[in-house]
Amino acid sequence: MRAGKWKEFYMEKAKIDGLQMFSFMFLFQFGSLIVTGLGLEVKQNNWIAVLVVSGINILLILLIYGPIYNRFPNLTLTGIFLENTGKIVGTVLSIIYNFYFILIAGFILRDTGDNMIKYLLPETPIEVVLLMGVLLISYSCFLGIEVFARVAQLLFFIMITLGIMGNFLVFASGIVDPIHLLPILEDGLFPLIKTVFPTIISYSEMVVFFMILPYLNKPQNGVRIGTLSVLFSGLSVSWTFALTIAVLGVYGTELADLPLLDTAQKINVGDFFQRMDPIVILTLFIGLFVKLNIFFYAGVVGMAELFKKQKHQPFILPAAIMIFVIAIVSVENEIEKKELFKEKLPLFIELPILIIIPCILLVIIAIRGKWQKRKHLQPYSKGSMKDE
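Residues numbered from 1 in each chain as written. Predicted model: local features only at pLDDT ≥ 70, side-chain atom pairs only at ≥ 80, totals over all residues. Heavy atoms only, no water.

Novice: Help me understand the overall build of the protein in this model?
Specialist: The number of helices and strands found in the protein is 13 helices and two strands. Across the 388 residues that make up the protein, the buried fraction comes to 51%. Element-wise, carbon and sulfur atoms account for 68% of the exposed surface of the protein, whose accessible area totals about 18,700 Å². (Helix = DSSP H or I, 4+ residues; strand = E, 2+ residues; numbered from the N terminus. Buried < 20%, exposed > 50% of the residue type's maximum accessible area, 1.4 Å probe, protein only. Areas by Shrake-Rupley, 256 points an atom, 1.4 Å probe, with all protein chains shown as cover.)

Novice: Can you walk me through the packing of helix 6 (residues 126-143) against helix 11 (residues 277-306) in this structure?
Specialist: When two helices pack together, their arrangement is given by the angle between their axes and by how far apart the axes lie. Contact pair helix 6 / helix 11: the axes reach a minimum separation of 10 Å and the direction vectors enclose 60 degrees. Overall, the two elements helix 6 and helix 11 adopt an arrangement that is oblique. Judged by the twist between their axes, the crossing of helix 6 over helix 11 is right-handed. The residues of helix 11 that touch helix 6, namely those facing Leu136, Ile137, Ser138, Ser140 and Cys141, are Phe289, Leu292, Asn293, Phe296, Tyr297 and Val300. Its residues assigned to classes, the contact of helix 6 with helix 11 shows eight nonpolar, three polar and no charged. (Axes fitted to C-alpha atoms, helices over the stretch in contact; angles between N-to-C directions. Parallel < 35°, antiparallel > 145°, perpendicular 65-115°, else oblique. Left-handed = near helix turned anticlockwise from the far one by under 90°. Contact = heavy atoms within 4.5 Å. Nonpolar A, V, L, I, M, F, W, Y, C, P; charged D, E, K, R; others polar.)

Novice: Please clarify how helix 11 should be interpreted in this entry.
Specialist: Residues spaced three or four apart along an α-helix face the same direction, because each turn holds 3.6 residues. With 30 residues, helix 11 extends 44 Å between its outermost C-alpha atoms, agreeing within 8% with the 44 Å of an ideal straight helix rising 1.5 Å per residue. Extensive coverage of helix 11 is indicated by the burial of 27 of its 30 residues. The first or second residue beyond helix 11 is Lys308, which carries a positive phi of 60 degrees. (Expected span 1.5 Å × (residues − 1).)

Novice: Looking at this structure, I do not really get helix 4 (residues 77-85). What am I missing?
Specialist: Along helix 4, nine of the nine residues are buried, which leaves the element largely enclosed by surrounding structure. Those residues of helix 4 not exposed but buried are Leu77, Thr78, Gly79, Ile80, Phe81, Leu82, Glu83, Asn84 and Thr85. Gly86 lies just past helix 4 and shows a positive phi near 90 degrees.

Novice: Mind showing me how you'd approach a nonpolar patch on the surface here?
Specialist: Side chains of Leu51, Leu228, Leu231, Phe232 and Leu235 sit close together on the surface and give an oily, nonpolar patch of about 400 Å² of accessible area. Here the nonpolar patch gets four residues from one element, more than from any other, and that element is helix 9 (residues 222-255). Inspection of the secondary structure puts Phe232 in helix 9. With a relative accessible area of 42%, Phe232 lands in the partly exposed category. (Patch = residues over 30% accessible without salt bridge, like charges linked within 9 Å, V, L, I, M, F, W, Y side chains within 5 Å. Salt bridge = Lys/Arg side-chain N within 4 Å of Asp/Glu carboxyl O.)

This is the structure we're talking about:
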């Protein structure tokens, strides 16, 4: 199966530019970290933990995801599996990853619904909110990746504008106290890494972009865009967490459901600019919306590729039903949710899917590449010996 042939027949005819891809990746990472954080165990070192997570993600891109992508820039993850592991194994792996994309989309949808009810629509039934979310992302997926890319680019600039505005108002309010950030790494760096290790795995979700990167108009820039997006999103979130702790203190951050929202509520500039809650709420839902759309689109496109269909639209309805059901039956209890997302999911599902299997795939690609190269050079070597 040739890479070009797979792309030609089983992928949407679309192209997105580098800035749009950067917007996708930045908002994806920013939304992952800013909404959930890394847990309260690291206390005032939360901002350092974000830098550690971002650094590990960059290493994963440079050492694992990047080499795989550079070898097959025109193939999605489904195509890469089928190309390198055979039809049976490749199909099984593709089904596993597509189900993972749909599963995470369902969890994100539930998280979005819970936050919307908590902060915006407290009297609305959760089923109605989830249905609205499903309809929105289904329509976005129906329009295609190019339309969503333009929307993501617009949302990126809105996010940057809101961030600059919010930072200015926080400092203008005179509520920042850097003393809250001390002491720094009082127990050293390794205890911090050990504490957040399960969470680190959860934020190594860049593998989903294998389903979108083939649409990049300049494939040679894919790894660079991914690295820069993780770097800048990590720095942005790290700064945001540091600012939040400097305002609320460690104790105040621990008590807050959404520390960034509590920080915005303390803003008061001349008794005119007060309680800038909408900035935080809009930031929250931009990140969740983009991440939800990317996982949903990846699952839909993966299903279309498995059935060898060029148009992905017929698979939107079954995928939408699946994520709606997953969101409905998802855990509601905060303790159970923490146990699932901070302990079970990272170690038992995401560790093999996001790290172990890609490592094995990279080894297979390297072995196949050397074998094909040796096979290609072998006839030339024999001919040269005869001539001598």
